[in-house]
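Architecture at a glance
Each chain is listed here by its residues.
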Amino acid sequence: MQGIDQKTYLDVFREKLCSLQKLVQDLERGLAPPKPDEFIKGLRLIIKAVETFLSRRMDNLQTALEKNPDALAAQITFHAKVALQILGSLHEQYLPLLHAESQHNEYLFKPSIDRAVGLFTKSGFELTLIPDFQYNYAFEGKENFATREVELLERHSDPDTKAALVKLRKEAALKQWIVFLHFPVAERDSALKLCILAHELGHFVDETNKIYRDLLPIELDKDSFEQLVDAKGKTPAYGGVTPKSAQQLTFDTIFTRAGVEALCYRSCNEMLERWIREIIADILAAHAIGPASYFAFNDFLACMGAENATSNSHPAPAFRLQLILKELKDTMGYMNSASAIDSVLSEAIPRVAAGAVDAKYRDEAKVVHKTIDSNLASLLAKIRPVVSEYSFGASNYRSTVPKILERLRRGIAPIEVLDEVQGEMSAASVVGILNAGWELYKTDTAGFYGEFKDTVPELERLGNLNHLLFKAVEASDVKRRWK
Amino acid sequence: MSASESGSAEESLPNGAVLSKQILWERIKIKKDLVVSPILEKSQVGDGSVDISLGTRFIRSRRSKTTEIDFPTLDKEKNRSFQESVVVPFGEHYILHPRSFVLGCTFEFIALPLDICALVISRSSYGRAGLLIATAMFVHPGWRGCLTLELENLGEIPIKLQPLSTVGQLVFLSAAKLAEQPKAKIIPVSPMFTTLNEDPRWKKIAALKQNG
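All values reported here derive from a predicted model rather than from experimental measurement.

Remarks on the overall build of chain A
- A count of helices and strands for chain A gives 20 helices and five strands.
- By principal-axis analysis of the C-alpha atoms, chain A measures approximately 85 × 60 × 40 Å.
- Looking at the 483 residues of chain A, the share that counts as buried comes to 52%.
- For chain A, long-range pairs separated by at least 24 residues make up 81% of all intrachain contacts whose partners lie at least 6 apart in sequence.
- In chain A, which carries 59 positive and 66 negative side-chain charges, the distance between the mean positions of the two groups comes to 3 Å.

Put into C-alpha cells, the structure is as follows:
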C-alpha cells in the first residue's frame, strides 16, 4: 500500500461510505415485509459509527499534530485504513445476507420458529431465513454484532469521539442476537426437508444457553491420543499443524514429543468442541421435533450424497443418525410398539448401526470419536434437561399425530383437530403436523397419492403434500395465537 | 354414520336446502366430513353460512412482453411471465388500486362432503366499497382446498386488503350425494391461475375450423 497518499485513502473512504449507504438503502427497499429491521439498524449503526470515528479522529489529530505534518499524514492514513477495513468487512460479510426473502413458503414457518426459539432464550433476537444456493443448512448467530464493532472503535478513540460513539450505540438499542438460518433455496417448497432447521435452531439454543461450556473440558481418550502423538511424531512435517498453530511454535518444540503432543492436544480439543456442538444440536432437535428430525436428517444426507466420513466440524453421519435413533428409542419411548412409525424407525436401527461401525476414523477424528463414545452417557445427561419440558416423546406422538394424519391422508390440510375433552376444534401442534407429514411420506403415500387423478405425476402429489403441511403450519399457528 | 342414522336435524332436507348452524356444527365436529378450517371464532358459523377470510397469498399481474391471454395456448411458463406470487404477512396489507385485479385465496381450508355444495358470497360491506371477491361462486360437493378469490376494485379509491379480514361467506346447501370422492388434480392452498388451456373444447373448436 506504500505510495498511496492520505488524500486517496480519504477519497476512497468517502466513496465507499456513500456506496454502502446507497446499497443498504436499495437492498432494504427491495425486501418484502417482514424485513430484518434490527439487522439493517445494526448495519446503519456501524456505517454511522465509522463515519463519526474517522471525522472526529481527523479533527482531533489535526489539532494535536498541527506542527508535525508527516506524523499527521501517517496517522490519518492509518485511521482511514482501519475505517476502510471495517467497511470492507461490512460489504463482504453482511450485505449478502440482505438478499433474504420472505415471500416464499419458508416464511410460513417463521412465526412458529420464532415462537419455539422464544421458549429457549430470554435474549432479544431477530431471526431471518436465508435461502442459499449451496446445498447446505447452517446457523449463523451474531451476538451484539454491530455494538461490538462500535465498541472496538470506542477503544481506539479520544474521549470526545468515544462519547459520540457511545451515544450512537445506546440510541440504536439493538437486540442482542441477530440470527440467520441458511437453507438450500431448492428446498423452499419442501416442508418436510425444512425440518432440518430444528437442528440449526439447536445450535442457537446451545449458543444462547452455553450448553457446550458445561460439557467441556473432557479428558481425551488416552490410548488413541498416544497413538496419534506417536504417529505424528514420526513425520517431520506434521500434516495436522494449521499455519496458525505452527506460527506459535518454534523449531525447537515442534520436533520434540512435547511439542507434537501440544499440537495434537490442541487440534483434538478444537475438533472435540465442534463435534460436541453438533451432537448438542442433534439431540435438541430430536427432542424438539421427534422422529421428523431423524427422517429429515436421513434424507438430507442422502440428498447430499454424503460419504460416511468425519470432517473437522462434524462427526460421521452414521454415528449421528445412530445417536438420534438411540435417543428416540431409549429416552423418548419410541419403537416399543408395532405402529407404522415405530416399525420404520426400528428397521433403521441395524442399518444405521452397521454404518456407524463402518465409519472411518483417522488421526484426530479417532481420538475425538473415542473420547465422545466413552463419555456419551454423561454428555447426553447434561443436554437433555434443556429440552425435557418440550420433548416430543412417543406418548405425545401417539396422542397428537394419528388425528392429524387421518386428515392429511384424506388430502385435508390438518390445521385443527377435535379436542375430545372440550368438544371443540383446537389448533393442531406444529410438531405433530410435521411428524404426520413424515409418517405419511415414509409409510403410506399410496393412500394420499390415491386422492389424485391418475394423470397427476407423483412428484406433483408430493409437492401438494408439502403445500398442505405449509398451510397447516401457518394456519394452526394463527389459530393458536388468535385471541 | 349417515345423517338419517344419526337422527340429526339434517334428516329430511331436500336438495338445495340451506344448512342450519346446528347442521353445520354437526358436520364439522361430529361427522367431521365438512371442513372449514381454522374457525377462529364461533360467530363465524351462522345459520346456513360460514364467514371466510382472506389468506396471505396473492397472484398479481405484472407488465411483461406477453401480448395477450390466448387461453388455448396458455401454459404455466407463459403465465409466470405476466404474473407473480406475493405473500402479504399478517398485519400487513395489499393495496388494490381502482379497476385493478388480483387473485387471492381464502385463509380457510375447505373440504366439502359428497352431499353438500356451497356458494361463495361477497360480504356486502366490502361490496359497497367497490370490492368484488368472486366470480366463480359455486363449489362442488367433494371439493377440497383454499378457494381462489378473484378480487377486483370496482370503485374509485384504492382498497387495503388485509389477510384474515372477513371478506365473504360460504353458504352451504344440501346436494344429491356423489357416489365417490372425486379425484383431485390439485388440492390448492394458494390462488390458482386459470387452467383454461386444458379445456378439451379448444381442440374441438379448432377441428371445426379445419373441417370447414
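A look at the pairing of strand S1 (residues 125-132) of chain A
All names here are of chain A.
- Most of S1 sits out of view: eight of its eight residues are buried.
- Covered by surrounding structure in S1 are Phe-125, Leu-127, Leu-129 and Pro-131 together with Glu-126, Thr-128, Ile-130 and Asp-132, the residues of both alternating faces.
- Two elements, S1 and strand S3 (residues 177-184), share eight bridges in a ladder whose sense is parallel. If you follow Glu-126 over to S3, its bridge partner there is Ile-178.

Considerations on the nonpolar core
- Core analysis: the biggest nonpolar cluster contains 87 residues, and A:Tyr294 and B:Phe109 have the highest contact counts within it.
- Looking at which element gives the most residues to this core, the answer is helix H20 (residues 458-481) of chain A, with nine residues.
- Excluding its chain neighbours within four sequence positions, the residues that come into contact with A:Tyr294 are A:Leu321, A:Ile324, A:Leu325, A:Leu328, A:Leu345, A:Ala348, A:Arg351 and A:Val352.
- Counting residues in each nonpolar core, the second largest holds 43 residues, with A:Ile46, A:Ala83, A:Phe145 and A:Leu174 among its members.

Some details on the environment of A:Lys479
- If you trace the backbone, A:Lys479 turns up in helix H20.
- The spatial distance from the C-alpha of A:Lys479 to the C-alpha of A:Ala172 is 34 Å, given a sequence separation of 307 residues.
- Apart from residues lying up to four places away in sequence, A:Lys479 is in contact with A:Glu416, A:Met425, A:Ser426, A:Ala427, B:Pro38, B:Ile39 and B:Leu40.

Structural notes on the packing of helix H9 (residues 222-233) of chain A against helix H16 (residues 363-387) of chain A
Residue and element names in this part refer to chain A.
- Interaxial distance between H9 and H16 falls to 9 Å at its minimum, and their mutual angle equals 170°. When the interaxial angle is binned, H9 and H16 end up roughly antiparallel. Taking contact as the criterion, the partners of Ser-224, Phe-225, Gln-227, Leu-228 and Lys-232 in H9 are, on H16, Asp-363, Glu-364, Lys-366, Val-367 and Lys-370.
- Its residues placed into classes, the contact of H9 with H16 shows three nonpolar, two polar and five charged.

Some details on the interface of chain B and chain A
- With 36 residues of chain B at the contact, the number on the chain A side is 35 residues.
- Between chain B and chain A, roughly 3,000 Å² of surface is buried when both sides are summed, and carbon and sulfur atoms account for 56% of that area.
- At the boundary of chain B and chain A, one finds four salt bridges.
- For B:Arg144, the salt bridge is made with A:Glu451, and the minimal N-O distance between the two is 2.5 Å.
- Between chain B and chain A we count 16 residue pairs in polar contact (both at pLDDT 80 or more) in total.

Some details on the environment of B:Val45
- Within the secondary structure, B:Val45 sits in the loop between strand S1 (35-37) and strand S2 (49-53).
- When the C-alpha atoms of B:Val45 and B:Gln22 are compared, they prove to be 9.4 Å apart, with 23 residues separating the residues in sequence.

Looking at the sheet that holds strand S3 (residues 57-61) of chain B
All names here are of chain B.
- Read from one edge of the open sheet, five strands run S4-S3-S6-S12-S9, paired in antiparallel fashion. Because the sheet does not close on itself, it has two edges, and the strands there are strand S4 (83-87) and strand S9 (131-132).
- In terms of strand pairing, S3 meets S4 through five bridges, oriented antiparallel. Considered in S4, the bridge of Ile-59 is made with Ser-85.

With respect to the confidence of the model for chain B
Residues and elements named next belong to chain B.
- On average, residues of chain B score 88 in pLDDT, and 92% of them reach the 70 mark or higher.
- Every residue in residues 1-6 is under pLDDT 50, and counting partners more than four places away or in other chains gives eight contacts.
- At the level of chain-chain contacts, confidence expressed as ipTM amounts to 0.90, with global pTM at 0.87.

Comments concerning the sheet that holds strand S11 (residues 144-145) of chain B
All names here are of chain B.
- Strands sit in the order S1-S7-S11 across an open sheet of three strands; the sheet is antiparallel. A strand with exactly one partner marks an edge of an open sheet, and here the two such strands are S1 and S11.
- Note that S1 and strand S7 (residues 109-111) share three bridges and pair antiparallel. Of the residues in S7, the one forming a bridge with Ser-37 is Phe-109.

Things to note about the packing of H9(A) against helix H12 (residues 257-289) of chain A
Residue and element names in this part refer to chain A.
- At a closest axis distance of 9 Å, the pairing of H9 and H12 adopts a crossing angle of 125°. Between H9 and H12, the crossing angle belongs to the class labelled oblique. Relative to H12, the crossing made by H9 is right-handed. Across from Phe-225, Glu-226, Leu-228, Val-229, Asp-230, Lys-232 and Gly-233 in H9, the residues of H12 making contact are Arg-257, Val-260, Glu-261, Cys-264, Tyr-265 and Cys-268.
- Each residue belonging to the contact of H9 with H12 can be placed in one class, and the counts come to seven nonpolar, one polar and five charged.

Brief notes about H20(A)
- Taking 1.5 Å per residue, 24 residues should reach 34 Å; H20(A) reaches 35 Å between its end C-alpha atoms and fits that length.
- Across the 24 residues that make up H20(A), a large majority, 17, are buried.

Observations regarding the packing of aromatic side chains
- Applying the stated criterion to the full structure yields 22 aromatic pairs over all chains.
- Pairing A:Phe448 with A:Tyr449 gives two aromatic rings, centres 6.1 Å apart and planes at 55°, and the pair type is tilted. Judged on exposure class, the residue A:Phe448 and its partner A:Tyr449 are both buried.
- What links up through ring pairs into an aromatic cluster is the set A:Phe39, A:Tyr94, A:Phe145 and A:Phe180.
- The ring of A:Tyr212 is capped by A:Arg277, whose NZ or CZ atom sits 3.6 Å from the centre of that ring.
- Over the ring of B:Trp25 we find B:Lys29; its NZ or CZ atom is 5.0 Å from the centre of that ring.

Side note on the pattern of salt bridges
Residue and element names in this part refer to chain A.
- Here the structure, examined in full by the defined rule, presents 42 salt bridges over all chains.
- When the shortest N-O distance is used, the salt bridge between Asp-11 and Arg-14 registers 3.3 Å. In this pair, Asp-11 and Arg-14 are both assigned in helix H1 (residues 6-30), three residues apart and thus about one turn of the helix distant.
- Linked through salt bridges whose partners overlap, the residues forming this network are Asp-206, Glu-207, Lys-210, Glu-273 and Arg-277.

Let's talk about unusual backbone geometry
All names here are of chain A.
- With an omega dihedral of 0°, the bond running from Leu-216 to Pro-217 counts as a cis peptide bond.
- As for its placement among the helices and strands, Pro-217 is situated in the loop between helix H8 (211-215) and H9.
- Look at Asn-144: it is not a glycine, yet its phi comes out positive at around 50°.
- Locating Asn-144 in the fold gives a position in the loop between strand S2 (138-143) and helix H5 (145-155).
- Within the chain, Asp-363 stands out as a residue other than glycine whose phi angle is a positive 50°.
- By the element assignment, Asp-363 lies in helix H16.

Conventions and cut-offs
Residues numbered from 1 in each chain as written. Chains lettered and ligands numbered in written order. Predicted model: local features only at pLDDT ≥ 70, side-chain atom pairs only at ≥ 80, totals over all residues. Heavy atoms only, no water. Helix = DSSP H or I, 4+ residues; strand = E, 2+ residues; numbered from the N terminus. Buried < 20%, exposed > 50% of the residue type's maximum accessible area, 1.4 Å probe, protein only. Contact = heavy atoms within 4.5 Å. Lys, Arg positive; Asp, Glu negative; His and termini not counted. Charge placed at Lys NZ, Arg CZ, Asp CG, Glu CD. Pairing = 2+ DSSP bridges. Core = buried A, V, L, I, M, F, W, Y, C linked by side-chain atoms within 4.5 Å. Axes fitted to C-alpha atoms, helices over the stretch in contact; angles between N-to-C directions. Parallel < 35°, antiparallel > 145°, perpendicular 65-115°, else oblique. Nonpolar A, V, L, I, M, F, W, Y, C, P; charged D, E, K, R; others polar. Buried area = accessible area lost by both parts, 1.4 Å probe. Salt bridge = Lys/Arg side-chain N within 4 Å of Asp/Glu carboxyl O. Polar contact = N/O pair within 3.5 Å; in protein donor to acceptor, adjacent residues only side chain to side chain. pLDDT = per-residue confidence, 0-100. Left-handed = near helix turned anticlockwise from the far one by under 90°. Expected span 1.5 Å × (residues − 1). Phe/Tyr/Trp six-rings, centres within 6.5 Å; stacked < 30°, edge-to-face > 60°. Lys NZ or Arg CZ within 6 Å of the ring centre and 35° of its normal.

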